[in-house]
Structures are given as structure tokens and as C-alpha cells.
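In case you want the letters, here they are:
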Amino acid sequence: PATGYTGTDLAFTALGATWRAELGYTDKLPVTTTTLGLDTVPAWNWAAGVELYPGDGNNRLTVQVNGRHLRPGAPIVEPEDLYTLSGELENLFSQDSWRLRTRLLASLAGGERDLYFTPELAWLKLEPNEFYLGLHVFAGDETLYSGYHDPHDLVVLGWRTQF
């Protein structure tokens, strides 16, 4: 459906970090009713985040918190309020030959929780190629994404390149 959206954002640097914030309003976000029909509802979205380089500059930390608030007139399948925390910590070491990256995504909706965690170690010495070993860990309530994938945790070994 045709929808209207309005929003604003703000970014600034202070205390050695980049800070960002966003606020948006959608007048007709598509949702699913409890009878499995299509409906549209007004929605507010907001986000606030920070990116900084602690230590010697080889570390990068980003953290972001988000919220989505739906205002339905009738019962819907989607959670009316959703809060998400995401982040990434990246560290280059051994003369930039190795990178350790850890990503996290956690959410809370209607009292249910969702968690996705993925650490990865990559060898970068043969640029543009990198070889990596990673772990994907899922945890959460059964009705959410990570709860559904909870028994599907996996270890990955891979190769990435750029052409």
C-alpha cells in the first residue's frame, strides 16, 4: 500500500565517538491481523547509536538501540512494541594480519526475548582474500527467530574475496 513516511536524524562527534539518532513515523505499515488478513497501522521507529575506537585505534565498537511501536486498531500478529540492541566489536591484531569480530543482536518483544551472537576470527594476510572461522549462536523464545533456530547453532569455516 502507498504509505507516507517522515523522519529526522542527528549525528555529531563528542568524547572521541560518533553519536547518531533517528526518529521516523510511518502512517501505513503493513501488518498481519490475527485472522491472517492484511492491515496497515501507524508506526513510530527510533534508533540511537555510538561508534568509537577504544584503545590504540585497532579496536572498533558500535552499539545501537532501536524501538518500533505499532498502534493497531485491532489485534495483530506482530508485536506492538519491539526493542532491539545490536553491537559489534572488531579488533585487528598481529600487525593487522588477524581480525576478531564479535556481533550481537538482542531483542525484546511482548515479554519474549531473542538473541543472536556470532564471533569470527579471520586471517587477512592474503588480501583481498580472507579465511575465517566463525560461530553462530541462537537463543530465545520459540516464537521468535533465534528461538526457532536455537537447535541450529553452527560453526563455519570459509573464504571471502573481492573481485
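Residues numbered from 1 in each chain as written. Predicted model: local features only at pLDDT ≥ 70, side-chain atom pairs only at ≥ 80, totals over all residues. Heavy atoms only, no water.

1. Side note on unusual backbone geometry
Stated precisely, the cut-off is as follows: Helix numbering and strand numbering both begin at the N terminus, where a helix is a DSSP run of H or I of at least 4 residues and a strand a DSSP run of E of at least 2. Burial classes follow relative accessibility: with a 1.4 Å probe on protein chains only, a residue under 20% of its type's maximum area counts as buried, one over 50% as exposed, and anything between as partly exposed.
For the peptide bond that leads from E127 to P128, omega is 10°, which places it in the cis range. As for its position among the elements, P128 is in the loop between β7 (112–123) and β8 (130–140). The phi torsion at L15 lies on the positive side, around 55°, for a residue other than glycine. Topologically, L15 is positioned in the loop between β1 (5–14) and β2 (17–32). Of note, the phi angle at Q95 is positive, near 55°, even though the residue is not glycine. When you line up the elements, Q95 lands in the loop between β5 (81–93) and β6 (98–109). According to the relative accessible area criterion, Q95 is exposed, its value standing at 75%.

2. Here's the deal with the pairing of β6
To keep things clear, this is the line we draw: When DSSP finds two or more bridges between two strands, those strands count as paired.
The sheet contact formed by β5 and β6 spans 12 bridges and is antiparallel. When the sheet's bridge partners are listed, F93 is paired in β6 with W98. In this structure, the hairpin formed by β5 and β6 is closed by a connection of four residues, where S94 is found at a positive phi of approximately 55°. As paired elements, β6 and β7 share 12 bridges and run antiparallel to each other. Bridging from a neighbouring strand, T102 pairs with P119 of β7.

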